[in-house]
Amino acid sequence: MSAAISDDDGTTPATSEFTLSNHTFDALIFDCDGTIADTLPVHFLTFQEALGEVGYTLERDWYFARTGLSSDKLFNAYEQSFGLILDRPALLARCKLLYQNHLDKLREHSFAATIAREQFGHVPMAVASAGMKSAVTSTLQTLDLLELFDTVVTIEDVKHGKPAPDLYLLAAERLKVAPARCLVFEDTEEGLEAAHNAGMRAIDVRPHLIPAVQN
């Protein structure tokens, strides 16, 4: 596979082919949801059930148009869209439990997962996710990916989520690698911006994802 050339902002443009050896790095950092793991169906069911239990609905199209948002930002959008106030602590607690009920629906995204497996033991690697720690950890464990990473950074570890650089900067700090020497894999505009804001180069994985088969 041939590599894409990075744009001026450090983000690799959309191409169908990619070669890791064409990039220089001392560490790799992966987003979780949508990058290394196909968690979209699980998160949708989790939020839909949690909201349903308190009398609200969550439409698939509305949710899928807002993928990549942290739970807090998703609740912000929901409140603004429908003019209501959610009991966030209760919903988050319920989501943590409900997520575990749907782990069987998780699938890995082979593009990023294969790179992580191939690079295991060769360079330090981390996951930096805007998700909740319990969900991210369970996801990586279920997909037999957790042991590949030296550290996992989640939204509970920082003050600001993506597109702020906090998650990626903390991951680099824990890996003891300079941000400029980290290569990031991301699937959202907010995530790519976060990597850029952290002074890191980033690969947009979306051109390399294999669409899920719809039943």
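Bear in mind that the values here come from a model prediction, so they are computed numbers and not experimental data.

Conventions adopted
- Residues numbered from 1 in each chain as written.
- Predicted model: local features only at pLDDT ≥ 70, side-chain atom pairs only at ≥ 80, totals over all residues.
- Heavy atoms only, no water.
- Core = buried A, V, L, I, M, F, W, Y, C linked by side-chain atoms within 4.5 Å.
- Buried < 20%, exposed > 50% of the residue type's maximum accessible area, 1.4 Å probe, protein only.
- Helix = DSSP H or I, 4+ residues; strand = E, 2+ residues; numbered from the N terminus.
- Contact = heavy atoms within 4.5 Å.
- Disulfide = S-S within 2.5 Å.
- Polar contact = N/O pair within 3.5 Å; in protein donor to acceptor, adjacent residues only side chain to side chain.
- Phe/Tyr/Trp six-rings, centres within 6.5 Å; stacked < 30°, edge-to-face > 60°.
- Axes fitted to C-alpha atoms, helices over the stretch in contact; angles between N-to-C directions.
- Parallel < 35°, antiparallel > 145°, perpendicular 65-115°, else oblique.
- Left-handed = near helix turned anticlockwise from the far one by under 90°.
- pLDDT = per-residue confidence, 0-100.

### Overview of the nonpolar core
No. 1: Counting residues in each nonpolar core, the largest one holds 32 residues, and the members touching the most others are Leu28, Phe30, Ile36, Leu140, Phe149 and Phe185.
No. 2: Counting residues per element, the ones that place at least two in this core are strand S2 (27–30), helix H5 (110–119), strand S5 (125–128), helix H6 (133–142) and strand S7 (182–186).
No. 3: In terms of residue count, H5 provides more of this core than any other element does, 5 residues in total.
No. 4: Those residues in contact with Ile36, other than ones at most four positions away along the chain, are Phe30, Asp31, Glu108, His109, Ala112, Ala113, Ala116, Leu140, Leu145 and Phe149.
No. 5: Among the nonpolar cores identified, the runner-up in size contains 22 residues, and Val158, Leu175, Met200 and Ala202 belong to it.

### A look at the state of the cysteines
No. 1: For the structure on display, the rule yields 0 disulfides.
No. 2: Here Cys95 is not cross-linked by a disulfide; its sulfur's nearest cysteine counterpart is in Cys32, at 16 Å.
No. 3: Accessibility expressed as a relative area gives 1% for Cys95, which makes it buried.
No. 4: Free cysteine: Cys182, not disulfide-bonded; nearest cysteine sulfur from Cys32 at 18 Å.
No. 5: Judged by relative accessible area, which is 0%, Cys182 ranks as buried.

### A few points about the environment of Leu140
No. 1: Assignment of secondary structure puts Leu140 in helix H6.
No. 2: Assessed through its relative accessible area of 0%, Leu140 is described here as buried.
No. 3: As for Leu140 and Ala37, which are separated by 103 residues in sequence, their C-alpha atoms are 7.9 Å apart.
No. 4: Once residues lying within four places of it in the same chain are set aside, the contact partners of Leu140 are Cys32, Ile36, Val127, Leu145, Leu146, Phe149 and Val152.

### So, the side chain of Lys162
No. 1: In this structure, Lys162 sits in the loop between strand S6 (151–153) and helix H7 (166–175).
No. 2: Lys162 sits in the buried class, given a relative accessible area of 7%.
No. 3: Among the polar contacts listed, one links the side chain of Lys162 to the side chain of Asp31, at a separation of 3.0 Å.
No. 4: Side-chain polar atoms of Lys162 contact the side chain of Glu186, separated by 2.6 Å.
No. 5: Once residues within four sequence positions are removed from consideration, Lys162 is found in contact with Asp31, Lys73, Ala128, Ser129, Ala130, Leu167, Tyr168, Glu186, Glu190, Gly191 and Ala194.

### Side note on the packing of aromatic side chains
No. 1: The final tally for this structure, using the stated rule, is 14 aromatic pairs.
No. 2: Seen from their ring centres, Phe111 and Phe185 are 6.4 Å apart, and the 65° between their planes marks the pair as edge-to-face. On the criterion of sequence distance, the pair formed by Phe111 in helix H5 and Phe185 in strand S7 is long-range, its members being 74 residues apart.
No. 3: Accessibility expressed as a relative area gives 0% for Phe185, which makes it buried.
No. 4: Of the aromatic side chains, those joined through ring pairs into one cluster are Phe18, Phe30, Phe111, Phe149 and Phe185.

### As for the packing of helix H3 (residues 71–82) against helix H4 (residues 88–99)
No. 1: At a minimum axis separation of 12 Å, H3 and H4 run at an interaxial angle of 125°. On the basis of the axis angle, H3 is oblique to H4. The two elements H3 and H4 meet at a crossing, and its hand is right-handed. Where H3 approaches H4, its residues Ser71, Asp72, Phe75, Asn76 and Glu79 are matched on the opposing element by Arg88, Leu91 and Leu92.

### A short note on the confidence of the model for the protein
No. 1: For the protein, the mean per-residue pLDDT works out to 90, and 90% of the residues sit at or above 70.
No. 2: Note on residues 1–15: pLDDT under 50 across the span, and 34 contacts to partners over four residues away in sequence or across chains.

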